[in-house]
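Below, each chain spelled out in residue letters.
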Amino acid sequence: MFTSNATPEEIEMLHKTISSNVRAQRMAKNLSQLELALTIGLKSAAFFGNAENNTNGKHFNIEHLYKIAKALDVSLVSLIEK
């Protein structure tokens, strides 16, 4: 039987860290959720807002994070590190 090497709590903390980092970097560039959502190819701010606020089970995937980092001119690592 296989078990995960990360607890659900660790994964939840990772999602919260990413959400917080994305929000901080976005706000530092004075962009709205809608502006950044459209820049990365989303059609509305709904998903982006849920992922950034860590609500409704929505989370950024690696493609989102790559596009966000590129749009904000920050490293991908800066979005995931504590």
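For the structure itself, look to the data block above.
Observations regarding the packing of helix α1 (residues 8-28) against helix α4 (residues 62-72)
Working step 1: Between α1 and α4, the shortest axis-to-axis distance is 11 Å and the interhelical angle comes to 25°. In terms of their interaxial angle, α1 and α4 are classed as roughly parallel. In this structure, α1 meets α4 at a crossing whose hand is left-handed. Only Leu65, Ile68 and Leu72 of α4 make contact with α1, whose side of the interface consists of Ile18, Val22, Gln25 and Arg26.
Working step 2: Here the contact of α1 with α4 is composed, by residue class, of five nonpolar, one polar and one charged.

With respect to the side chain of Asn21
Working step 1: Tracing the backbone shows Asn21 in helix α1.
Working step 2: Separated by 3.4 Å, the side chain of Asn21 and the backbone oxygen of Ser78 make a polar contact.
Working step 3: For Asn21, the contacting residues outside a window of four places in its chain are Ser78, Leu79, Ile80 and Glu81.

Looking at the packing of aromatic side chains
Working step 1: Inspection of every chain in the model, using the stated rule, returns two aromatic pairs.
Working step 2: Through pairs of rings, three or more aromatic residues link up here, namely Phe47, Phe48 and Phe60.

Here is what the cut-offs are and how they apply
Residues numbered from 1 in each chain as written. Predicted model: local features only at pLDDT ≥ 70, side-chain atom pairs only at ≥ 80, totals over all residues. Heavy atoms only, no water. Axes fitted to C-alpha atoms, helices over the stretch in contact; angles between N-to-C directions. Helix = DSSP H or I, 4+ residues; strand = E, 2+ residues; numbered from the N terminus. Parallel < 35°, antiparallel > 145°, perpendicular 65-115°, else oblique. Left-handed = near helix turned anticlockwise from the far one by under 90°. Contact = heavy atoms within 4.5 Å. Nonpolar A, V, L, I, M, F, W, Y, C, P; charged D, E, K, R; others polar. Polar contact = N/O pair within 3.5 Å; in protein donor to acceptor, adjacent residues only side chain to side chain. Phe/Tyr/Trp six-rings, centres within 6.5 Å; stacked < 30°, edge-to-face > 60°.

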